[in-house]
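So the chains spell out like this:
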Protein chains: 2
Amino acid sequence: MTGASPRSTHAPHPAWLPDDAFAAIGRRRVVVAGDGALAGTVAEEVAAATARFGGAFSRLEVGDGVADAELVLTLAPPLDEPIETIRIAAGSTPSAGSTDEGPATRHDDADESFRFTREAGSVVVQAPTDIGLLRGLFHLVRLGEAAFEGPDADETHAPATDLRMLDHWDNVDAHPTMGQVERGYSGGSIFYDNGFVRADLSRVERYARLLAAVGINRVAINNVNVNEHEARLLTDDLGDVVRIAAVFRRWGIRVHLSVSFASPIALGGLTTSDPLDRDVAHWWVRAAARVWDAIPDFGGFVVKADSEGQPGPFAYGRTHADGANMLAAAVEPHEGLIHWRAFVYDHRQDWRDRTTDRARAAYDHFHPLDGAFSGNVIVQVKYGPLDFQVREPVSPVLAAMPQTRIALELQVTQEYSGQQRHAVYLGPQWSQILGFRFWEAAGRDGGSPTVADLATGRGKAAEDPGTGTWRKPAGGFAAVSNVGDDEFWTGHPFAQANLYAYGRLCWDPTLDPGALLDEWVSLTFPGEADAVGQAVHAVLDRSWETYEQYTAPLGVGFMVRPGHHYGPDVDGYEYTPWGTYHFADRDGIGVDRTVRTGTGYAGQYPSPWRETYESLSTCPDELLLFFHHVPYTHVLHSGKTVIQHIYDTHFEGVARVERMIGAWSAVSTLVDPRFSERVAERFAEQLRSATEWRDQLNTYFFRKSGIADERGRSIY
Amino acid sequence: MTGASPRSTHAPHPAWLPDDAFAAIGRRRVVVAGDGALAGTVAEEVAAATARFGGAFSRLEVGDGVADAELVLTLAPPLDEPIETIRIAAGSTPSAGSTDEGPATRHDDADESFRFTREAGSVVVQAPTDIGLLRGLFHLVRLGEAAFEGPDADETHAPATDLRMLDHWDNVDAHPTMGQVERGYSGGSIFYDNGFVRADLSRVERYARLLAAVGINRVAINNVNVNEHEARLLTDDLGDVVRIAAVFRRWGIRVHLSVSFASPIALGGLTTSDPLDRDVAHWWVRAAARVWDAIPDFGGFVVKADSEGQPGPFAYGRTHADGANMLAAAVEPHEGLIHWRAFVYDHRQDWRDRTTDRARAAYDHFHPLDGAFSGNVIVQVKYGPLDFQVREPVSPVLAAMPQTRIALELQVTQEYSGQQRHAVYLGPQWSQILGFRFWEAAGRDGGSPTVADLATGRGKAAEDPGTGTWRKPAGGFAAVSNVGDDEFWTGHPFAQANLYAYGRLCWDPTLDPGALLDEWVSLTFPGEADAVGQAVHAVLDRSWETYEQYTAPLGVGFMVRPGHHYGPDVDGYEYTPWGTYHFADRDGIGVDRTVRTGTGYAGQYPSPWRETYESLSTCPDELLLFFHHVPYTHVLHSGKTVIQHIYDTHFEGVARVERMIGAWSAVSTLVDPRFSERVAERFAEQLRSATEWRDQLNTYFFRKSGIADERGRSIY
């Protein structure tokens with residue numbers, strides 16, 4: 001039931017960085033110019049590639065000529081300087097990264113931009129910092145031969161936000177029920193092995209390199225549910241964090257820690273963790289000082305407070321702003337950040353009480369606090385109001401805090417989307433979320449901010465009557481990682497594509513998820529990209545929709561087995577305190593979240609969406625049961641009744657899985673046999689599980705509604 | 001959720017053996033005569049009691065006079081000798097127990113009978129063996145002053161069966177999901193502490209004394225699900241078993257081990273555990289010889305084979321008789337027993353398949369093997385065809401194997417009956433099962449065997465046309481223990497009464513469960529027996545029925561949360577592979593197990609019950625949904641519809657819990673405050689849980705049926 005993969009003695013799969021991904025660079029004459037630790041990383045990568053593929057590599061010293069180079073990678077700000085200067089004397093300008101202090105003392109967010117020029121097939125990548133140079137290198141890797149082909153070009157690349165983070169829900173001590181990695185489906189932790197930080201961090205190094213290649217620049221290395229042992233990473237076990245941070249630093253990635261709000265009690269021996277208590281504040285000031293003394297480029301703290309049993313400021317009658325700002329003051333001298341999760345709700349709700357709506361909770365708690373958070377607090381908001389369901393409306397909190405740094409939180413680990421046993425490519429879901437505009441109808445683009453804009457601080461606020469434009473504080477992106485010590489990193493080899501797409505969308509949220517699949521395929525299967533790519537597209541392009549088809553219908557969510565969240569159980573959460581109900585009876589199903597007759601959740605959206613969701617006639621089909629309770633005979637915009645939609649999508653979902661399997665089988669012999677074996681094993685489970693979902697869901701609703709399938713298919 | 005109680009540093013509660021329980025003996029002039037280890041135990045008990053309460057104790061030497069004794073406890077066979085002989089010269093006849101070998105070499109089942117005589121207030125207990133003497137001592141303890149009052153008496157007491165066993169589902173290593181004690185609700189194990197047999201076995205000694213006082217004479221000390229570490233009790237860790245056996249021996253209790261059928265592979269390094277393989281048989285012969293060498297009065301092996309994932313003979317195409325008889329041959333030279341569980345079914349059933357019926361499985365597997373088992377194999381049969389539900393029909397296997405030693409298996413631990421958080425006295429359920437007659441209609445007594453008769457080998461078979469009578473081989477009783485290292489032994493202090501009643505019913509299955517409650521109260525609360533007794537009766541007399549009222553209705557069973565089995569989840573097992581379904585739809589509910597239209601299970605009973613259960617018009621209400629699928633509007637014998645019965649019993653069940661709490665509150669200050677606190681804490685949880693059951697069940701069936709409560713009470 002855990003989906004954990006057996007430990008393998010094989011070397012980890014190279015994922016999107018097989019040696020052949022460097023062939024285009026490796027065949028050329030390359031110069032790397034500039035100092036700084038990451039320029040050294042770039043030079044090592046290029047040296048290895050040219051050695052392997054027969055190219056030539058030189059590390060530029062000041063004054064060396066680079067006239068015959070096909071590729072120059074160089075630190076040379078500013079970017080708008082004429083390119084000829086660079087080509088002739090790369091590195092002659094002192095670079096931002098080339099200081100005597102070294103990278104461990106870089107506190108602020110470095111400029112990660114780079115300039116790419118191509119002139120008669122000769123390419124220069126110049127960057128103002130060594131981290132920008134690393135980004136440029138992997139840009140070339142992604143382009144492959146295309147980097148050197150085509151017309152002359154001069155492009156400047158920069159990320160949409162400096163905050164591109166992965167959260168690891170890894171436990172130092174394997175948790176009695178949650179295991180080594182909470183909601184992890186890829187074996188053990190790459191960081192920890194039942195009570196200890198691993199002595200051998202070579203796997204972490206490989207991971208950091210993969211993340212660098214997709215642009216991730218921050219990682220939180222322990223679970224947001226902070227247990228006793230994990231709390232000590234902040235104090236007694238800080239030396240282990242130093243070791244891990246040193247590995248990530250080589251790849252331009254800063255380390256964050258999840259901390260317990262009760263640390264002053266648990267670790268400091270105080271009797272309180274009241275954020276307004278002076279001793280508490282001082283304890284955090286000292287704790288932060290120790291961390292930054294040891295790790296000068298440390299990122300900050302992630303906090304899950306007053307959530308699902310975690311301690312928080314509510315115990316002392318304080319607000320979440322009180323709690324977050326006290327921590328923010330402690331880390332501010334070090335330019336540290338506080339990621340404060342907005343995932344706060346009553347997880348001990350009475351299922352009998354229809355007036356309490358968990359979906360409302362984050363908005364009700366946080367909207368009133370807009371403007372109250374310090375400048376280095378980021379409020380981290382899950383994409384939907386519930387919990388990473390395969391279909392939820394976009395969280396209205398994202399639109400409700402114009403004066404607050406908001407991070408959009410996604411979930412790369414497939415907790416509710418097949419747990420890396422099912423092939424589900426989440427790129428399209430994330431892309432849809434990132435592109436959602438709160439202040440415009442679906443499909444319109446009148447320039448109002450998208451969700452990506454709101455997270456990256458580049459939005460235009462429709463509500464700002466004064467100027468019509470403002471720059472919103474930026475919080476960036478965070479997501480729960482899907483990796484473990486599994487041979488393929490992610491359990492299901494295809495789940496690598498999700499990690500890949502997440503990193504790339506953080507860099508540029510407007511990227512097309514289908515094109516990202518192409519990138520992933522061409523890097524991962526360099527020799528067989530065409531045929532394998534076709535098959536991967538056939539399998540993954542619509543896999544999110546397929547998963548939605550055979551699981552909970554029309555946005556109603558959950559219906560999973562309680563606890564582990566794998567497999568169907570329609571009533572599994574229906575009579576629990578968790579606040580996730582569907583209210584199905586013999587006549588109908590769905591949650592009335594309208595303002596007029598329901599919980600009022602729809603009113604948390606700005607216009608036009610509050611009206612769109614409020615009305616049964618305009619609410620999109622895919623979210624119908626999230627917003628409305630309707631009879632099984634209600635006719636959807638699609639023209640089908642709800643009950644027939646349930647039957648049809650569940651049969652269709654399984655049929656699609658069968659077609660996915662067929663598409664893959666045509667190319668399965670073209671890839672590494674172990675890769676194929678793993679995919680085959682996962683497909684068998686996906687088909688079994690999808691069939692189980694289909695039959696349970698159909699049977700449940702047939703027994704309840706008594707309405708037969710129009711097409712007379714088997715329902716039990 | 002686990003129901004485990006926090007560990008306490010307090011001394012364990014004395015349960016039914018507080019010092020004051022010995023007052024009547026302790027005040028008198030007592031002589032204990034006779035040798036043997038258990039006579040020594042008796043003497044120690046009496047010496048302590050007389051020292052405490054001011055009586056006089058003497059240990060008789062041969063030739064001593066006993067004329068002035070008020071109580072003589074003596075080894076003096078035969079029991080039909082004139083009592084005067086005993087009174088004058090007790091101990092002058094060599095006793096069965098007084099051998100030089102000592103008790104460790106007693107292999108066979110010793111005679112546990114004793115004779116009780118009272119003449120002018122002077123009492124003699126004589127017994128042919130020292131174990132009989134120990135039984136007689138505790139008979140006096142139970143009687144208290146009444147032993148010495150009233151008219152002259154001359155009674156001989158003997159147990160209904162020599163086989164009165166408790167099975168402990170304790171794990172040496174705490175199991176990742178099942179914990180230290182599988183289905184244990186009383187803290188940790190008294191035997192093991194996460195990986196080790198406890199160095200301090202004083203708690204086991206106290207436990208053995210409590211068991212001796214109620215007549216238990218065999219214990220299996222490890223879980224029937226035998227994991228890797230536990231398997232080694234048979235070999236490497238045998239020395240620990242020797243230590244435990246030595247403790248129990250002092251109290252006339254023999255130790256058994258649960259063993260894995262795959263032991264020859266796991267422990268012996270063989271490649272097979274095929275019961276017909278010579279090496280396998282020889283391995284078991286040697287293993288048995290080693291055990292009996294170390295523990296000459298060892299009892300035998302308990303085996304759960306081919307059940308819920310445990311290994312068994314099916315893997316080799318062999319029958320359960322093949323498997324059991326191979327083991328039986330290995331233990332036969334040592335007069336050992338094999339308890340072979342009949343709990344065999346397909347736990348990977350497809351819920352879509354309505355032709356497979358788990359209730360049929362034990363009969364289908366074992367009935368054809370009647371007569372094929374060796375004489376020292378006992379087939380251990382759970383009381384119902386499913387799994388210890390609060391209401392099941394009595395298992396037809398009990399009637400189907402006239403040539404087989406059958407043990408009736410009960411469950412003292414309250415897995416499905418409130419997990420020792422709910423006050424549920426199971427004595428009435430067990431009494432009803434023990435008194436059930438397969439060959440006669442309810443309430444009749446034409447002399448046909450009861451279930452107790454079938455287990456104790458004293459039945460008359462209605463089906464035997466030749467003589468009308470036969471003596472059936474006896475298998476006795478077994479039950480799963482409910483104790484742990486909890487301060488009160490059993491989590492809920494009232495759950496002590498279940499352990500008490502089980503032991504006493506094993507000795508005499510015809511005892512009245514209400515009278516056993518009186519015994520338990522008068523021993524446990526010697527100073528406050530009247531008022532406390534009234535309250536205990538008000539709480540416990542109908543508590544089984546109360547629990548049934550607020551949980552799954554009309555014999556349909558389950559509806560519990562999967563895995564831990566606590567709390568309601570109507571559909572929790574409905575779409576699982578476990579074979580426990582209710583088939584509720586919008587029109588009706590229940591499982592058709594008739595011969596005419598259902599699974600045929602009803603046909604496994606002899607007449608008249610096969611006809612009684614087959615017909616909707618004669619099937620008892622309380623088992624209606626076990627045997628029939630009916631509309632919610634079906635009218636019960638009670639005159640109520642099924643749906644109104646569900647509503648009424650669920651409201652009534654909670655009201656009864658409230659009355660139980662009221663009854664206890666009147667006396668709660670009369671007992672030890674810690675006892676009262678624990679009871680109060682459990683009552684609060686019982687009321688919460690019963691209310692949850694009521695509301696979930698009522699809501700589920702209201703949503704499904706759409707039929708309103710006649711009385712308009714709150715349904716959600």
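We now turn to the structure provided with this report. (Residues numbered from 1 in each chain as written. Chains lettered and ligands numbered in written order. Predicted model: local features only at pLDDT ≥ 70, side-chain atom pairs only at ≥ 80, totals over all residues. Heavy atoms only, no water.)

## Some words on the interface of chain A and chain B
Then step 1. Contact residues are listed per partner, giving 27 residues for chain A and 27 residues for chain B.
Then step 2. Both faces combined, the contact of chain A with chain B buries some 2400 Å², and carbon together with sulfur accounts for 45% of it.
Then step 3. It is Tyr575(A), Arg586(A) and Arg703(A) that lose the most area in chain A upon contact with chain B, and together they represent 34% of the buried surface on that side.
Then step 4. Connecting chain A to chain B are 19 residue pairs in polar contact (both at pLDDT 80 or more).
Then step 5. Tallied by class, residues from the side of chain A that touches chain B come to seven nonpolar, seven polar and 13 charged. (Contact = heavy atoms within 4.5 Å. Buried area = accessible area lost by both parts, 1.4 Å probe. Polar contact = N/O pair within 3.5 Å; in protein donor to acceptor, adjacent residues only side chain to side chain. Nonpolar A, V, L, I, M, F, W, Y, C, P; charged D, E, K, R; others polar.)

## Brief notes about the sheet that holds strand β18 (residues 474-480) of chain A
All names here are of chain A.
Then step 1. With parallel pairing, the eight strands of this closed barrel are ordered in space as β7-β12-β13-β14-β15-β16-β17-β18. On average, each strand axis in the sheet is inclined to that of its neighbour by 25°, with strand direction left out of account.
Then step 2. Against the sheet, helix α10 (residues 320-331) touches β14 (300-303), β15 (337-341) and β16 (377-382), its axis set at about 160° to β15. (Pairing = 2+ DSSP bridges. Helix = DSSP H or I, 4+ residues; strand = E, 2+ residues; numbered from the N terminus. Axes fitted to C-alpha atoms, helices over the stretch in contact; angles between N-to-C directions.)

## Quick word on the packing of aromatic side chains
Then step 1. Under the criterion given, the structure shown has 88 aromatic pairs over all chains.
Then step 2. Ring geometry for Tyr207(B) versus Phe248(B): centroids 6.4 Å apart, planes at 75°, classification edge-to-face. Residue Tyr207(B) is found in helix α5 (residues 202-214), and its partner Phe248(B) is found in helix α7 (residues 238-249); the two are separated by 41 residues along the sequence.
Then step 3. Classification of Phe248(B) as buried rests on a relative accessible area of 0%.
Then step 4. Ring-pair connections join several aromatic residues into one group, and the members of that group are Phe436(A), Phe438(A), Trp439(A), Tyr601(A), Tyr605(A), Trp609(A), Tyr613(A), Phe626(A) and Phe627(A).
Then step 5. Across the ring face of Trp489(A), the terminal group of Arg203(A) is positioned such that the distance to the ring centre comes to 4.0 Å.
Then step 6. If you follow Lys704(A) out to its NZ or CZ, it ends over the ring of Tyr700(B), 5.7 Å from the centre. (Phe/Tyr/Trp six-rings, centres within 6.5 Å; stacked < 30°, edge-to-face > 60°. Buried < 20%, exposed > 50% of the residue type's maximum accessible area, 1.4 Å probe, protein only. Lys NZ or Arg CZ within 6 Å of the ring centre and 35° of its normal.)

## Overview of unusual backbone geometry
Then step 1. Residue Pro608(A) is bonded to the preceding Ser607(A) through a cis peptide linkage, with omega at 5°.
Then step 2. Mapped onto the elements, Pro608(A) comes out in the loop between β19 (588-589) and α19 (609-614).
Then step 3. The backbone of Ala120(A) shows a phi angle near 55°, a positive value even though the residue is not glycine.
Then step 4. Here Ala120(A) shows up in the loop between β4 (114-119) and β5 (122-127).
Then step 5. With a phi angle near 55°, Gln420(B) is a residue other than glycine that sits in the positive phi range.
Then step 6. Looking at the element boundaries, Gln420(B) is found in the loop between β17 (405-411) and α12 (427-434).

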